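Structural description and commentary
So the chains spell out like this:
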Amino acid sequence: MSRYLSRDWLAVLGDEVARRAEVREAAAGHTLAVTQVVTDGPEGDVTYHLEIANGTVAFGPGPATAEDVRFVQDWETAVAVATGTTNAQEAFLRGRIKLAGNQRRLVDAQPVLAVLEKVLAPVREATTYA
């Protein structure tokens, strides 16, 4: 079991998406680099990225190399969205999630993000959020 936003957790995400053919298939033809910043967590602020590039998907610590989109949210919001107790769209509309960058790229990558949501469900269930 990995702790949410830890380096181990990011490695588990990376391993899971790397081994799944449906992720590679969904990512074909898509390019998106997202930086996620979570503030005020138990270990301070955490920055990690998701990069989708023509059939590959990678998670890792730090910002995306060629960032298209940046999300910023506090720990409480990030945990609520990750555990499903808060809807991400609702959190965005209430100003709890800040979004900057090329929103069109984000919309265009929705098919990939939907597959990631499904594939990573078991990882979320095995994650600790304390």
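Refer to the preceding data block for the structure.
Residues numbered from 1 in each chain as written. Predicted model: local features only at pLDDT ≥ 70, side-chain atom pairs only at ≥ 80, totals over all residues. Heavy atoms only, no water.

**A closer look at the environment of D108**
If you trace the backbone, D108 turns up in helix α5 (residues 103–108). According to the relative accessible area criterion, D108 is partly exposed, its value standing at 41%. Along the chain, D108 and L32 lie 76 residues apart, while their C-alpha atoms are 8.9 Å from each other. (Helix = DSSP H or I, 4+ residues; strand = E, 2+ residues; numbered from the N terminus. Buried < 20%, exposed > 50% of the residue type's maximum accessible area, 1.4 Å probe, protein only.)

**Re the sheet that holds strand β3 (residues 44–53)**
If you walk across this open sheet you meet the five strands as β4-β3-β2-β5-β6, and the pairing is mixed. Bordering the open sheet on either side are β4 (56–61) and β6 (97–101), each of which pairs with just one other strand. The average undirected angle you get between the axes of adjacent strands in this sheet is 15°. Sheet topology note: the strand β2 (residues 31–41)/strand β5 (residues 69–74) ladder contains six bridges and is parallel. (Pairing = 2+ DSSP bridges. Axes fitted to C-alpha atoms, helices over the stretch in contact; angles between N-to-C directions.)

**Remarks on the pattern of salt bridges**
Scanning all chains against the criterion turns up ten salt bridges. A salt bridge links E16 to R19; the nearest nitrogen and oxygen atoms lie 3.1 Å apart. Classification of E16 as buried rests on a relative accessible area of 13%. In this structure, R104 and D108 form a salt bridge, with 3.8 Å as the shortest nitrogen-oxygen distance. In this pair, R104 and D108 are both assigned in helix α5, four residues apart and thus about one turn of the helix distant. (Salt bridge = Lys/Arg side-chain N within 4 Å of Asp/Glu carboxyl O.)

Function cannot be inferred from these measures alone, as they are strictly geometric.
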